[in-house]
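Coordinate analysis (summary)
Chain residues, written in single-letter form:
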Amino acid sequence: MQKAEGLSPLPPWRRTDYCGNLRAGDAGREVALWGWVASRRDHGGLIFIDLRDREGIVQVVFNPERAAAAHQIARQMRLEYYVAVKGAVIVRSEATVNKELATGEIEVAAQEAQILNESVSPPFPIGDEAAAEDIRLRFRYLDLRRPEMQRNLRRRHRALAGARAYLDSQGFVEIETPILWRATPEGARDYLVPSRINPGKFYALPQSPQLLKQLLMVSGFDRYYQVARCFRDEDLRANRQPEFTQIDIEMTGPRTEDVMAVGEGMIASIYRHALGVELPLPFTRMKYDDVFARYGTDKPDLRFGLEILELSQPFAGTGFRIFAESLSRGETIHGIRLPANFALSRRELDEMTESLRLRNGLGLAWVRASAGGWQGPIAKFVAADEGARVAEAAGICEGDLLLMVAGERSRVLPVMGDLRLQLGTRFGLRESDARCFLWVSDFPLLEYNAEERRMVPVNHPFTAPHPEDLERLNSDPLSVRALSYDLVLNGEEIGGGSIRIHNRELQLRIFELLGFTREQAEEKFGFLLEAFGYGAPPHGGIAFGVERISMMLCNTDSIRDVMAFPKTQKAVDLMSGAPSDVSQVQLDELSIRVTK
RNA sequence: GGGGUCGUAGUUCAGCCCGGUUAGAACGCCGGCCUGUCACGUCGGAAGUCGUGGGUUCAAAUCCCAUCGGCCCCGCCA
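A brief look at the structure comes next. (Residues numbered from 1 in each chain as written. Chains lettered and ligands numbered in written order. Predicted model: local features only at pLDDT ≥ 70, side-chain atom pairs only at ≥ 80, totals over all residues. Heavy atoms only, no water.)

Some remarks on the pattern of salt bridges
Between side chains of opposite charge, a pair can form as their charged atoms come close. Counted according to the given criterion, the structure contains 43 salt bridges. Its salt-bridge partner being E243, residue K567 comes within 3.1 Å of it at the nearest N-O pair. Of this pair, K567 sits in the loop between α16 (546-554) and α17 (584-589) while E243 sits in strand β10 (residues 243-252); the two residues are 324 residues apart in sequence, bridging distant segments of the chain. On the accessibility criterion, K567 (19% relative accessible area) is buried. Of the charged contacts in the structure, one is a salt bridge between R454 and E452, with a shortest N-O distance of 2.9 Å. Looking at R454, the relative accessible area reads 24%, which means it is partly exposed. (Salt bridge = Lys/Arg side-chain N within 4 Å of Asp/Glu carboxyl O. Helix = DSSP H or I, 4+ residues; strand = E, 2+ residues; numbered from the N terminus. Buried < 20%, exposed > 50% of the residue type's maximum accessible area, 1.4 Å probe, protein only.)

Written out as structure tokens, the structure reads:
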């Protein structure tokens, strides 16, 4: 009898409401619900079932005197059974109201009930507490049943809905581009897909639709966007998966400010749709040089100060031998002023000094400003007037601590940036729920890669050089700025883009700088260079990381918490077992021999 | 490729340092009783290759080595 019912593919009646939506205003209504048994309290007579669906939980009461048949069914119910219930919404007596539940003022008095499907005992409780992550991933469909994951994925959906609504309102056209595409050099490792029809040849999954969206500008769509899946075969991190999603945007003829305006308009729409929050616009804007000098990184967390100070000037002619030698080598001295209300123990200072020495081979000097002058291991090497000069330059007050490192500027600044983050973490300054958005622009175009002994693009090889720096492209390429920009939120890069090159000759010159011969450039990017020859308009754009944004919206540190079916750090899907072996027949068809 | 950390009933964890009864607890599960619970209560019960393999030892969850897996980090990720 029970089994026969369970076999029916159709539920016995239509659902009228979601469990979690019922309120006191529904009192007196006859409702029909479907849901999972989240809790069962059997009093021998009365049975209480907490019924859960995507909107939440409602209590159902089974009374053997009023609905004997339904009560008999409720006796069979167990956790995570999927059941259908019909009954009346009734207001609970004052003594039995549950303030913990959104539906706690009412309950459903069951008149009919049916078990639609039984459940074996779940491998972990479907509740607020997360189990060990490997079991969650193995039974992901159950993990996603948990309210927290339901909330996260629906919030991600709202974010995308907000992005689409905004971009549509601004005249952007959503266009899908191929997943099977061609391998291109530079950048991350490609995921390859063998071609059966063309033995020995491979497609690559796109690392981003970069070139395709540029070609769409050549086509004249003028404003394009796509919620684009991207693939990069690199090692995973807490915020990195091999496949991820970007909101990819490209437009014809923008200046940097135009792209920023669209980007922040879209982000504002995302926050409005996902959280009901109105973001103040425009976002803060800074140039890369300034950001790097003040924060030692290109993605600063602006929720706190503790900016890096350049102290080379006030230390000129110092009696402190180590600093003096550094300065004589053309190196610089940087410091961070830690105000007196942030107290570091001597032991913490020693640990910081030691870890800096071990990790970077750099010495940390520190002094504390007291009424009688400086205190600390190096205080005795610094003359009073010199100390006063530094104190003034750094804005030191009594009780403040000054942490200093001397060395090559490009090496010391990132170290100071790390130190700044460490201090921010140590004093709880990064726990603030403030949202500090920041546009960083004018990155360098190129950097020197010592390993490959050549210049590589900081962004990608299609980024346009800053017009003011064009003349230095040959004489001093490393000093050339790019028309590029990133959007940073609380120390995380959530988007980035650039104005592109749309001129064939300029693009060829950049390829040349990067060490491509003309033939190589033609072979790899001939279709792009060819397209530029057909009246390609100036264009530029940006791409935003959907998971990064969703992580911020959901207040989580793990990308897996905002993806339905993520992979482990070894890029394995614990649920399906991907990647898996394939049959010899499949390999033969693809002309592939596995050597390991 | 490298460093760190975790792995014990279905789940969450204790036990591991300092080797020595039958490896415990809570929740869950199974059965009985219970008409206002919502961490229901109550009585009883089942449940463990201590990740895997090897070594040391009279004796290993415990010490050593290797290995597998989850997580975090460095490299890598234009």
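Some words on the layout of surface pockets
Empty space among the atoms becomes apparent when a probe as large as a water molecule is rolled across them. One number sums up the size of the second largest pocket: a volume of about 890 Å³. If you go around the second largest pocket, you meet 31 residues; those closest to its centre are R303, R430, N490, E492 and M552. Elements supplying a minimum of two residues to the lining of the second largest pocket: α7 (256-275), α12 (409-426) and α16. When the residues that make up the lining of the second largest pocket are grouped by side-chain class, the tally is 11 nonpolar, 9 polar and 11 charged. Both domain 2 (150-286 + 438-562) and domain 3 (304-431) contribute no fewer than three residues apiece to the lining of the second largest pocket. (1 Å grid on protein atoms, 1.4 Å probe; cavity = no way out; pocket = protein on both sides within 12 Å on 5 of 7 lines; lining within 4 Å. Points joined across faces, edges and corners; volume = space filled by probe spheres on them. Nonpolar A, V, L, I, M, F, W, Y, C, P; charged D, E, K, R; others polar. Domains from an automatic or database assignment.)

Thoughts on the sheet that holds strand β1 (residues 30-42)
With mixed pairing, the 5 strands of this closed barrel are ordered in space as β1-β2-β3-β5-β4. The sheet shows a mean angle of 55° between the axes of neighbouring strands, direction not considered. With 10 bridges connecting them, strand β4 (residues 82-91) and strand β5 (residues 106-117) associate as antiparallel partners. Residue A88 lies in a different strand from β5, and its bridge partner there is A109. Running at roughly 65° to β5, helix α2 (residues 68-76) makes contact with β1, β2 (47-53), β3 (56-62) and β5 of the sheet. (Pairing = 2+ DSSP bridges. Axes fitted to C-alpha atoms, helices over the stretch in contact; angles between N-to-C directions. Contact = heavy atoms within 4.5 Å.)

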